[in-house]
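# A closer look at the structure
Listed below, chain by chain, are the residues.
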Amino acid sequence: MNILAINCGSSSIKYQFVQMKEKKEKVLAKGLIERIGKKSSFQIHFINGRTVQKKGEVKDHRKGLRKILELLTNKDNGVIKDISEISAVGHRVVHGGEKFVNSILIDDKVVEAIHIYTSLAPLHNPPNLTGIEISLSLLPNVPQVAVFDTAYHQTIPPRAFLYALPYEYYEKYKIRRYGFHGTSHRYVAQKAAEFLNLPIDDLRIITCHLGNGCSITAVNKGNSIDTTMGFTPLEGLVMGTRCGDIDPGVILFLMEKEKIGPKQMNNILNRQSGIMGISGVSNDIRDVKKEAQKGNEKAKIALEIFTYRIKKYIGAYSAVLGGIDVLVFTGGIGENATDIRGMICEGLEFLGIQLDKRKNNKNTQNEIRIISKKDSSVKVLVVPTDEEKIIAQETWRIVQKLATRK
Ligand code: ADP
């Protein structure tokens with residue numbers, strides 16, 4: 001079965017085309033189109049063992065998806081003869097509200113519900129929907145599945161998801177903590193248990209997804225029971241350009257002092273804060289590290305604040321779980337930044353976390369591995385995540401379920 005996984009952002013499309021078999025999958029093609037709608041659009045595709053790079057404007061998402069289908073079916077170096085060889089399409093959808101606790105086959109009702117949740121994710125759900133609508137029109141007879149970032153966190157109990165605001169706002173506007181990166185947290189927790197050859201039902205796992213966006217999840221017996229992102233992906237950890245946890249009083253104070261409205265404030269909190277805001281250098285940890293090594297104090301403190309917040313949440317989630325068996329690092333930073341992992345784990349020996357310096361410093365890419373000492377009671381793992389591949393796997397799972405039900 002060939003699955004096309006699509007991740008549509010506001011100006012980008014990431015995709016993966018995967019041949020799925022039981023316990024075996026092969027990525028036939030993958031790639032991305034960036035800066036859609038701009039003259040500076042560019043594309044990178046890995047197809048049939050070749051890399052195809054293209055520059056030049058891709059006007060809109062429809063043109064982008066058409067290009068991807070053309071490449072897949074290209075006579076000379078495509079991977080399929082015809083689009084009829086695409087068995088199903090999986091779509092990343094950021095917000096599924098309280099309705100979707102699992103991935104689901106897309107029909108009119110699902111599309112309508114995703115439209116409704118646009119008010120909760122105004123930046124993310126519209127491009128996701130665009131991808132779905134275009135794909136439904138280009139591939140009308142192919143089953144399409146929505147895979148939600150929020151779904152995995154629907155097992156979080158009310159004591160963790162409700163804010164201490166007047167209850168009417170939860171009833172009126174569904175203001176609550178939803179959590180994001182759910183597909184990644186679910187995947188790395190499962191992979192870690194499989195790798196350790198232990199039943200996930202016996203494990204208390206803390207998963208740290210550290211990329212441009214960062215979040216941590218407490219996983220008990222395979223279920224998310226708390227996570228750091230909230231009503232929006234702004235809460236929790238310090239991120240590339242997002243502030244994470246903040247006293248809401250600061251926001252009111254700043255809006256009054258600087259005479260700024262909600263739009264500008266939103267921009268400050270989402271785009272001008274975090275590592276970028278503190279360091280004044282970059283949102284990329286690698287650049288900030290270089291500056292810190294040169295003695296830039298703001299860069300140094302940015303890294304300290306970033307790792308301190310993560311450490312604090314590992315402590316909090318150990319308490320929430322009643323202990324910890326496995327700590328997982330994933331995402332661009334979690335998978336690659338050895339010294340950041342070292343800074344996070346330093347001082348956590350009292351929890352049973354003992355990092356093995358040599359194993360931690362060995363930087364093997366795209367490989368699941370243990371980086372804790374042999375006698376560390378908490379197993380610390382690096383588990384590469386791959387959002388598009390998870391979407392493909394989820395889509396396969398849903399489509400297969402439907403096939404066996406028929
Ligand atoms: P996204 O959240 O957009 O999927 P990624 O998970 O790819 O992003 O993470 C991107 C971030 O990962 C970069 O901003 C950078 O800070 C960090 N990163 C990537 N590679 C490395 C590396 N080799 N060393 C340190 N940090 C890295």
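So, here's what we can say about the structure.

Thresholds applied
Residues numbered from 1 in each chain as written. Predicted model: local features only at pLDDT ≥ 70, side-chain atom pairs only at ≥ 80, totals over all residues. Heavy atoms only, no water. Helix = DSSP H or I, 4+ residues; strand = E, 2+ residues; numbered from the N terminus. Buried < 20%, exposed > 50% of the residue type's maximum accessible area, 1.4 Å probe, protein only. Lys, Arg positive; Asp, Glu negative; His and termini not counted. Salt bridge = Lys/Arg side-chain N within 4 Å of Asp/Glu carboxyl O. Contact = heavy atoms within 4.5 Å. Polar contact = N/O pair within 3.5 Å; in protein donor to acceptor, adjacent residues only side chain to side chain. Phe/Tyr/Trp six-rings, centres within 6.5 Å; stacked < 30°, edge-to-face > 60°. Pairing = 2+ DSSP bridges. Near = heavy atom within 4 Å. Areas by Shrake-Rupley, 256 points an atom, 1.4 Å probe, with all protein chains shown as cover. Arc of directions from axis to C-beta. Axes fitted to C-alpha atoms, helices over the stretch in contact; angles between N-to-C directions.

## A few points about the side chain of Arg341
- Tracing the sequence through the fold places Arg341 in helix H13 (residues 338–345).
- The side chain of Arg341 sits in the buried core without any salt bridge; Asp339 is the nearest counter-charge, 8.0 Å away.
- Contacts of Arg341, omitting those with residues within four sequence positions, involve Phe329, Gly334, Glu335, Asn336, Leu355, Asn360, Arg369, Ile371 and Val382.

## Here's the deal with the side chain of Gln144
- With respect to the helices, strands and loops of the structure, Gln144 is situated in strand E8 (residues 144–148).
- Among the polar contacts made by the side chain of Gln144, one reaches the side chain of His91 at a distance of 2.7 Å.
- In terms of polar contacts, Gln144 uses its side chain to reach the backbone carbonyl oxygen of Leu139, at 3.3 Å.
- Contact partners of Gln144, with chain neighbours within four places excluded, come to Val89, His91, Ile104, Leu105, Ile106, Ser135, Leu136 and Leu139.

## So, the packing of aromatic side chains
- Tallied over the entire structure, the rule returns six aromatic pairs.
- Centroid distance Phe100 to Phe148: 4.4 Å. Interplanar angle 5°. Geometry classified as stacked. With a gap of 48 residues between them, Phe100 in the loop between strand E6 (88–93) and strand E7 (104–105) and Phe148 in strand E8 connect regions that are remote in the sequence.
- Residue class for Phe100 comes out buried when judged on its relative accessible area of 4%.
- Geometrically, the ring pair formed by Tyr313 and Tyr317 is tilted, given 5.6 Å between the ring centres and 55° between the ring planes. Of this pair, Tyr313 and Tyr317 both sit in helix H11 (residues 297–321), four residues apart, which is roughly one turn of the helix. Judged on exposure class, the residue Tyr313 and its partner Tyr317 are both buried.
- Here the aromatic residues Phe161, Tyr167 and Tyr170 are joined through ring pairs into a cluster of three or more.

## Here we look at the pairing of E6
- Burial within E6 is extensive, with six of its six residues counted as buried.
- By the alternation rule, side chains of E6 split into Ala88, Gly90 and Arg92 and Val89, His91 and Val93, which are all buried.
- Sheet topology note: the strand E1 (residues 2–8)/E6 ladder contains four bridges and is parallel. Pairing of Ile6 across the sheet is with His91, part of E6.
- Alignment of E6 against E8, held across five bridges, turns out to be parallel.

## Overview of the sheet that holds strand E9 (residues 204–210)
- Strands sit in the order E11-E10-E9-E12-E14-E13 across an open sheet of six strands; the sheet is mixed. In the strand order of this sheet, the two ends are held by strand E11 (223–227) and strand E13 (369–370), each with one partner.
- The pairing of E13 with strand E14 (residues 379–382) spans two bridges and is classified as antiparallel. What sits directly across from Arg369, in E14, is Val382.

## Here's the deal with the site of the ligand
- The ligand sits among Gly211, Asn212, Gly213, Asp284, Ile285, Arg286, Gly331, Gly332, Ile333, Asn336 and Ala337.
- Contact between the ligand and Asp284: an oxygen atom at 3.3 Å from a side-chain N or O atom of the residue.
- Between the ligand and the protein, one listed contact pairs an oxygen atom with a backbone N or O atom of Gly332 at 2.8 Å.
- Notes on the ligand: free accessible area 580 Å², of which the protein chains cover 71%.
- Among the elements of the structure, helix H10 (285–293) and helix H12 (331–336) are those that each provide at least two residues to the shell around the ligand.

## Thoughts on the environment of Glu235
- With respect to the element layout, Glu235 can be found in the loop between E11 and helix H7 (248–257).
- C-alpha of Glu235 to C-alpha of Ser215: the two residues are 20 residues apart in sequence and 8.7 Å apart in space.
- Filtering out sequence-adjacent residues up to four positions away, Glu235 remains in contact with Tyr163, Arg177, Thr228, Met229, Gly230, Gly244 and Asp245.
- Of note is the side chain of Glu235, whose polar atom sits 3.3 Å from the side chain of Arg177.

## Looking at helix H2 (residues 108–116)
- Buried residues of H2: Val110, Val111, Ala113 and Ile114, and no others. Viewed along the axis of H2, the buried residues span an arc of 160°, placing them on a single side of the element. When the buried face of H2 is taken as reference, the exposed residues oriented beyond 90 degrees from it are Asp108, Lys109, Glu112 and Ile116.
- At its buried positions, H2 is contacted by E6, E7, helix H3 (125–138) and E8.

## Focus: the pattern of salt bridges
- According to the stated counting rule, one finds 13 salt bridges in the structure shown.
- With its nearest N and O atoms 3.4 Å apart, the salt bridge here joins Glu297 to Lys300. With a gap of three residues between them, Glu297 and Lys300 both fall in helix H11, about one helical turn apart.
- In this structure, a network of salt bridges that share partners links the residues Glu98, Lys174 and Arg176.

## A word on unusual backbone geometry
- The backbone of Asn48 shows a phi angle near 55°, a positive value even though the residue is not glycine.
- Relative to the elements of secondary structure, Asn48 occurs in the loop between strand E4 (42–47) and strand E5 (50–55).
- Take Asn48: its relative accessible area is 45%, and that puts it in the partly exposed class.

## With respect to the sheet that holds E6
- Spatially, the eight strands line up as an open sheet ordered E5-E4-E3-E2-E1-E6-E8-E7, and their pairing is mixed. The open sheet has two free edges, formed respectively by E5 and E7, since each of these has just one partner strand.
- Against the sheet, helix H1 (residues 61–73) contacts E1, strand E2 (13–21), strand E3 (24–34) and E4, and its axis sits at roughly 35° relative to E2.

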